[in-house]
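Secondary and tertiary structure notes
Below, each chain spelled out in residue letters.
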Amino acid sequence: MLEDRSVDHVGSPLGDGSVAGEKIRILLVDDHPIVRRGLQAVLHSQPDFYVVGEADNGLRAIQQVERLRPDIVLMDLRMPEMGGLEATQIITERHPQTRVIVLSAFDLESDVTQAIKAGATSYLLKDASDGLLFRAIREAMQGNAVLSPQISGLLLNQLRASAVSRLTSRELEILRLISLGHTNPEIAEQLQVGLPTVRTHVINIFNKLGVKDRSAAVAAGYERGLLSARAR
């Protein structure tokens, strides 16, 4: 492997004389040579992968994409000169046919959301299994996303938090009354509103919390801090 920090590779990395155009063309972007060497070794085990080049920062990554036109870019986030987020946005805007897969050591919510907004197809952590990496590359070619389990959980929690934040003050009050065992007619009487109005609020609460019945709504309320122990 060449030691130039921004280099493309000519010919098959497997030495089998196969044509690069018949394989998934991959660009490696990471500021640590040892990481790039490790990725090289892992990717070369797959007959349909071809590493066309490397870059050690976002700026060089953009230049390599312009020159090599890879199918996939494996992108680190924290690098000198230009980080992966800015590079991802530029690459996906200029070359929408090139898919960017973030491969990062960090699972911060801000990194994940910014990477997705920048146009990344997938987000994997560097401790991901070889199999997950292989699947992410092949799925990206179809436009499909693959996430490390930790990232999937992070995004799911974020979506749940977003739904909870949309509960209105009236819905929170009705949820509290539900937790105290009140029926819809009792809630309507206490709040001095019509029964159809209460039913509509209850349905909205179920939808926003992602539940199907009153007991599940109460359980979700306690779990997410919407209900206090004193309400029991």
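Heads up: the structure comes first, above all this text.
The rules we used
- Residues numbered from 1 in each chain as written.
- Predicted model: local features only at pLDDT ≥ 70, side-chain atom pairs only at ≥ 80, totals over all residues.
- Heavy atoms only, no water.
- Helix = DSSP H or I, 4+ residues; strand = E, 2+ residues; numbered from the N terminus.
- Buried < 20%, exposed > 50% of the residue type's maximum accessible area, 1.4 Å probe, protein only.
- Contact = heavy atoms within 4.5 Å.
- Salt bridge = Lys/Arg side-chain N within 4 Å of Asp/Glu carboxyl O.
- Axes fitted to C-alpha atoms, helices over the stretch in contact; angles between N-to-C directions.
- Parallel < 35°, antiparallel > 145°, perpendicular 65-115°, else oblique.
- Left-handed = near helix turned anticlockwise from the far one by under 90°.
- Nonpolar A, V, L, I, M, F, W, Y, C, P; charged D, E, K, R; others polar.
- Pairing = 2+ DSSP bridges.
- Right-handed = clockwise from strand over helix to strand, strands pointing away.

**Section: the environment of arginine 94**
- By the secondary structure assignment, arginine 94 is in helix α3 (residues 84–94).
- Classification of arginine 94 by relative accessible area gives exposed; the value is 52%.
- In the structure, arginine 94 is positioned 32 residues away from isoleucine 62 in sequence and 9.4 Å away in space, judged by C-alpha atoms.
- Residue contacts for arginine 94: discarding those within four places in its chain leaves Ile62 and Glu66.

**As for the pattern of salt bridges**
- Going through the model one piece at a time under the given rule, you end up with nine salt bridges.
- Ionic pairing is found between glutamate 173 and arginine 176, a salt bridge with its closest N-O pair at 3.0 Å. Taken together, the positions of glutamate 173 and arginine 176, both in helix α7 (residues 169–179) and three residues apart, correspond to about one turn of that helix.
- We classify glutamate 173 as partly exposed; its relative accessible area is 25%.
- Given a relative accessible area of 30%, arginine 176 falls into the partly exposed group.
- If you follow the salt bridges from partner to partner, you end up with Asp30, Asp76 and Lys126 in one network.

**A word on the packing of α7 against helix α8 (residues 184–191)**
- With their axes 10 Å apart at the nearest point, α7 and α8 run at an angle of 130° to one another. When the interaxial angle is binned, α7 and α8 end up oblique. The hand of the α7/α8 crossing is right-handed. Of the residues in α8, those touching α7 at Arg170, Glu173, Ile174, Arg176, Leu177 and Ile178 are Ile187, Gln190 and Leu191.

**Structural notes on the packing of α8 against helix α9 (residues 195–209)**
- Here α8 crosses α9 at 115°, and the two axes come no closer than 9 Å. Considering their axes alone, α8 and α9 lie roughly perpendicular with respect to each other. The handedness of the crossing between α8 and α9 is right-handed. For the pair formed by α8 and α9, the contact residues are Asn184, Pro185, Ile187 and Ala188 on the first element and Leu195, Val198, Arg199 and Val202 on the second.
- Each residue belonging to the contact of α8 with α9 can be placed in one class, and the counts come to six nonpolar, one polar and one charged.

**Considerations on the pairing of strand β5 (residues 122–125)**
- Burial along β5 is two-sided: the face carrying Ser122 and Leu124 and the face carrying Tyr123 and Leu125 are both buried.
- Pairing geometry for strand β4 (residues 99–104) and β5, over four bridges, is parallel. What sits directly across from valine 102, in β5, is tyrosine 123.

**Topic: the pairing of β4**
- The buried fraction of β4 is high, at five of six residues.
- Bridge analysis of strand β3 (residues 72–75) against β4 gives four bridges, and the strand direction is parallel. Across the sheet, methionine 75 pairs through a bridge with valine 102, a residue of β4.
- Viewed along the sheet, the connection from β3 through α3 into β4 turns out right-handed.

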